[in-house]
Amino acid sequence: MTPTEPSTMAAASTYQQLRGHLAALKLHAAAEALPGVLDQATDQGWGLTAALERLLAIEVDADTARRLAGRLRFACLPTAATLEDFDTDAASGVDPALIRELGTCRYLETATNVLLVGPPGTGKTHLAVGLARAAVHAGYRTYVTTAADLAARCHRAAIEGRWATTMRFYAGPTLLVIDELGYLPLPAEASAALFQVISQRYLKTSTIITTNRSVASWGDILGDTTVAAAMLDRLLHRSVVLHLDGESYRLRAHQAAADTLRHSVTGNTRTP
Ligand code: ADP
Ligand code: MG
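Note that the structure is predicted; figures quoted are calculated from it, not measured.

Our next topic: the site of ligand 1. Around ligand 1 sit 14 residues in total, of which D87, G121, K124, T125 and H126 are the nearest. D87 places a polar main-chain atom, nitrogen or oxygen, 2.8 Å from a nitrogen atom of ligand 1. The backbone of G121 places a nitrogen or oxygen atom 2.7 Å from an oxygen atom of ligand 1. Calculation on ligand 1 without its partners gives an accessible area of 560 Å², and the protein chains cover 80% of this total. Secondary-structure elements contributing two or more residues to the shell around ligand 1 are α5 (124-137) and α11 (249-266). With 3 residues, α5 is the largest single contributor of residues to the shell around ligand 1.

Rendered as structure tokens:
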């Protein structure tokens, strides 16, 4: 035996124990990075503190990414829309400073609600999803649904005896987005469910609602003016209301495409 062998064996066993500790603590990213970090430490003459810092930084980064992925999965964002690709110049009636302020997510700290009102195609869903995405990235538990989905889920819950659990589910997220209120009139049971969801969240957590109907016609959507008034009281008490009343962005895109087509047909001269 050469004199170096016992110490090499001891080092190998310490290394295995260290890997074992990392695995037992479920620090999988650190366990995987361990050989690389140790090699790098030797090569570059890092001290113990620097090597430990590097190893744990790798685990912290992996944990942060895992949590973000979990929040993103839970949020069920229906599109890839972001606040950054929302063109405030194209959205008439929208104050860019207000969108920037909402983008900071500060409104979530005061359980402020956001109501996005406007005709189809004006960017309500885009803004709501963009705000939801910003909230997810800022670390808030967020869930996006539509009024129709919420109604259907509550209906099933009532039949299957899971009402209380379902209500707790909708009370949970720091931000709940309810898209497309008013596209379909809601049956009485669905209005009651929506009212309970809004009431539970009132002054505790934020709700974003998008609707194509003015607040004045919510009695028709909910089939009951008393429920509508009570719900609006809670929603609007601490809220930001955005009216997106410009020309539809979808129509605008079609218009642009039609113009291009017309230009190519008429050889760059606009038809009168
Ligand atoms: P709404 O929910 O009001 O019916 P959407 O948010 O679905 O409208 O918008 C329709 C389409 O137009 C989407 O693809 C959306 O990304 C796009 N859009 C609408 N407004 C804007 C905007 N101001 N900037 C960028 N894209 C927009
Ligand atoms: Mg929409």
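The subject of this paragraph is the nonpolar core. Y107, L116, L127, L175, I208 and L242 are the most contacted members of the largest nonpolar core, which has 30 residues in total. Take this core: its biggest share by element is 8 residues, from α5.

Taken across its 5 residues, strand β2 (residues 142-146) has 4 buried, putting it largely inside the fold. As judged from the 5 bridges shared by β2 and strand β3 (residues 175-181), these two strands associate in the parallel manner. Among the inter-strand pairings, T145 is bridged to a residue of β3, identified as I178.

For the rest of this paragraph, the subject is a nonpolar patch on the surface. Where nonpolar side chains cluster on the molecular surface, the patch consists of V215, L236 and V241 and spans about 180 Å² of accessible area. On the secondary structure map, V241 appears in strand β5 (residues 239-243).

The next thing to look at is the sheet that holds strand β4 (residues 206-211). Read from one edge of the open sheet, 5 strands run β2-β3-β4-β1-β5, paired in parallel fashion. Lying at the two open borders of the sheet, with one neighbouring strand each, are β2 and β5. Each strand axis lies, on average, 10 degrees off the axis of its neighbour in the sheet, ignoring direction. Across 4 bridges, strand β1 (residues 113-117) lies against β4 in parallel orientation. Across the sheet, the residue bridging to V114 is I208, located in β4. In this fold helix α8 (residues 188-201) packs onto β3 and β4, with an angle of close to 150 degrees to the strand it touches most, β3.

This brings us to helix α10 (residues 225-237). The terminal C-alpha atoms of α10, which comprises 13 residues, lie 18 Å apart, in line with the 18 Å expected from a rise of 1.5 Å per residue. Every buried residue of α10 is listed here: A228, M231, L232 and L235. Buried positions in α10, seen along its axis, are confined to an arc of 105 degrees and lie on one side of it. Exposed positions of α10 whose direction lies more than 90 degrees from the buried face are T226 and D233. Buried-residue contacts for α10 involve β1, α8, β4, α9 (218-222) and β5. Backbone nitrogen of T226 and a side-chain oxygen of the N-cap are separated by 2.8 Å at the start of α10; the cap is D224.

If you trace the backbone, R201 turns up in helix α8. Buried charge without a salt bridge: R201, with E109 as the nearest opposite-charge side chain at an N-O distance of 13 Å. In this structure the side chain of R201 is engaged in a polar contact, spanning 2.9 Å, whose partner is the backbone oxygen of Y170. Setting aside its immediate chain neighbours within four residues, R201 contacts Y170, A171, G172, P173, T174, L175, L176, S206 and T207.

Once that is clear, we can look at empty space enclosed by the protein. The final tally for this structure, using the stated rule, is 2 cavities of 30 Å³ or more. Its boundaries defined by the atoms lining it, the largest cavity holds a volume of some 70 Å³. Surrounding the largest cavity, 11 residues form its lining, A90, A91, T122, Y249 and R252 being those nearest its centre. Here the second largest cavity defines a volume of roughly 40 Å³. If you trace the second largest cavity, you find it lined by N113, I198, R201, Y202, L203, T205, T207, R234 and L235. When residues of the lining of the second largest cavity are traced back to their parent elements, those giving at least two are α8 and α10. For the lining of the second largest cavity, the class distribution of residues is 4 nonpolar, 3 polar and 2 charged.

What counts, and at which threshold
- Per-chain numbering applies: the sequence of each chain, read as written, is numbered from 1 onward.
- All chains are assigned letters beginning with A, and all ligands numbers beginning with 1, in the order in which they are written.
- pLDDT decides what is reported in this predicted model: residues at 70 or higher carry local features, side-chain atom pairs at 80 or more are listed and counted, and totals for whole chains, interfaces and linings draw on all residues regardless.
- Only heavy atoms go into the side-chain values, all of them from the structure, while hydrogens and water stay out.
- A molecule or strand has a residue near it when one of that residue's heavy atoms lies within 4 Å.
- For the purposes of these results, a polar contact is taken to be a pair of N or O atoms within 3.5 Å, where, inside protein, one atom must be able to donate a hydrogen and its partner to accept one; residues adjacent in sequence count only when each atom of the pair is a side-chain atom.
- Only the protein chains shown count as cover for residues, and all accessible areas are computed by the Shrake-Rupley method using a 1.4 Å probe.
- Numbering goes from the N terminus for both helices and strands, where a helix is a DSSP run of H or I of at least four residues and a strand is a run of E of at least two.
- To define a nonpolar core, start from buried Ala, Val, Leu, Ile, Met, Phe, Trp, Tyr and Cys residues and group those joined through side-chain atoms within 4.5 Å.
- Burial here depends on accessible area, computed with a 1.4 Å probe over protein chains only, as a share of the maximum for the residue type. Under 20% is buried, over 50% is exposed, and the range in between is partly exposed.
- Note: two strands are recorded as paired if DSSP finds a minimum of 2 bridges between them.
- Only residues whose relative accessible area exceeds 30% and that form no salt bridge enter a patch; like-charged residues are grouped when within 9 Å of one another, and nonpolar side chains (Val, Leu, Ile, Met, Phe, Trp, Tyr) when within 5 Å.
- One side-chain nitrogen of Lys or Arg within 4 Å of one carboxyl oxygen of Asp or Glu is enough to make a salt bridge.
- The angle between two axes is taken between their N-to-C directions and runs from 0 to 180 degrees, where each axis is a line fitted to C-alpha atoms and a helix contributes only its stretch in contact.
- Residue contacts are counted whenever heavy atoms from the two residues lie within 4.5 Å of one another.
- Expected span, for any helix, means 1.5 Å times one less than how many residues it has.
- Of all possible arcs, the one meant is that of the directions from the helix axis to the C-beta atoms.
- Charge assignment: positive for Lys and Arg, negative for Asp and Glu; neither His nor the chain ends contribute.
- Residues are called lining when one of their atoms sits within 4 Å of a cavity or pocket point, these points coming from a 1 Å grid over the protein atoms alone, where a cavity is a set in which a 1.4 Å probe fits but cannot get out and a pocket is an open set with protein on both sides within 12 Å along at least five of seven lines.
- Grid points are joined across faces, edges and corners, and a volume is the space filled by probe spheres set on the points.
- Put simply, Ala, Val, Leu, Ile, Met, Phe, Trp, Tyr, Cys and Pro go in the nonpolar bin, Asp, Glu, Lys and Arg in the charged bin, and everything else, Gly too, in the polar bin.

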